[in-house]
Amino acid sequence: AQSVTQLDSQVPVFEEAPVELRCNYSSSVSVYLFWYVQYPNQGLQLLLKYLSGSTLVKGINGFEAEFNKSQTSFHLRKPSVHISDTAEYFCAFYGGSQGNLIFGKGTKLSVKP
Amino acid sequence: DAGITQSPRYKITETGRQVTLMCHQTWSHSYMFWYRQDLGHGLRLIYYSAAADITDKGEVPDGYVVSRSKTENFPLTLESATRSQTSVYFCASSDRGGSGANVLTFGAGSRLTVL
């Protein structure tokens, strides 16, 4: 069965430190991969996406993610986080053209001063 | 205003009552979705619609009913609310073609409490 696993439910980090939020997926077909961010009391918004081409994808707010097919991973990174990056981050993928978006359970990033 | 709007944003109801959550989008996106968000479960798909008058079940459809008579509206009805349906509900839309292919745009959410 297709699934996506976010390995950390919570990630605390100090301001200006680097961060990596991990995501692994399970699918036997080609996938489209996404990271969404949810700020407190808001809906989700797209951070970045991988559809094809370069495996390093840059998104908004200085985030980037790298698609690794052999490891079936799509980890999200930022070299220096800000207080304003405190939010919940969701990894998601489409597996197959007729499938629907499958979400991970989310990782809560808490940036401390 | 362009966008996707949900109403009501907050709702408290009692067990057994019928509740309808509204969702309206202005982009004429063909696809619309309803998700629920619960602690420890992330987002789970309730129902989705590929076009007007076409709906299909998602991962957790039991206890919910949807309809889509117009492209822009996708209401979600809880026919007889239960406490387990206390959750935050998100509506989303998507246009599977073009440069925005496969990207979901979400509403701000409807927080439902069933007492």
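See above for the structure.
In this text, all values refer to a predicted model and were calculated from it rather than measured experimentally. (Residues numbered from 1 in each chain as written. Chains lettered and ligands numbered in written order. Predicted model: local features only at pLDDT ≥ 70, side-chain atom pairs only at ≥ 80, totals over all residues. Heavy atoms only, no water.)

Asks: Quick question: what am I supposed to make of the nonpolar core here?
Replies: Soluble globular proteins tend to pack their nonpolar side chains together in the buried interior. Core analysis: the largest hydrophobic core is formed by 28 residues, its most contacted members being Leu33, Trp35, Leu47, Leu48, Phe74, Leu76 and Tyr89 of chain A. When neighbours within four sequence positions are excluded, Leu33 of chain A is seen to be in contact with Tyr25, Leu48, Lys49, Tyr50, Phe67, Phe74, Ala92 and Phe93 of chain A. Counting 20 residues, the second-largest nonpolar core is a separate cluster that includes Tyr36 and Phe90 of chain A together with Val88 and Val103 of chain B. (Core = buried A, V, L, I, M, F, W, Y, C linked by side-chain atoms within 4.5 Å. Buried < 20%, exposed > 50% of the residue type's maximum accessible area, 1.4 Å probe, protein only. Contact = heavy atoms within 4.5 Å.)

Asks: I tried to follow the pairing of strand β5 (residues 42–51) of chain B on my own but got confused; where do I start?
Replies: All names here are of chain B. The buried fraction of β5 is high, at 8 of 10 residues. Taking the residues between adjacent antiparallel strands as the criterion, strand β4 (residues 31–38) and β5 are bridged by 3 residues, where Gly40 takes a positive phi near 85 degrees. As defined by bridge partners, β5 adjoins strand β6 (residues 54–57) across 4 bridges and the pair is classed as antiparallel. Looking across to β6, one finds that Ser49 is bridged to Thr55. (Helix = DSSP H or I, 4+ residues; strand = E, 2+ residues; numbered from the N terminus. Pairing = 2+ DSSP bridges.)

Asks: In this structure, what is going on with the packing of aromatic side chains? I would like to understand it.
Replies: Aromatic ring pairs are defined here through the distance separating the ring centres and the angle between the ring planes. Residue and element names in this part refer to chain A. In this structure the tally under the stated criterion is 16 aromatic pairs over all chains. Ring geometry for Tyr25 versus Phe93: centroids 5.8 Å apart, planes at 45 degrees, classification tilted. With Tyr25 in strand β4 (residues 23–26) and Phe93 in strand β10 (residues 87–95), this pair connects stretches of sequence that are 68 residues apart. A single burial state applies to Tyr25 and to Phe93, both of which are buried. (Phe/Tyr/Trp six-rings, centres within 6.5 Å; stacked < 30°, edge-to-face > 60°.)

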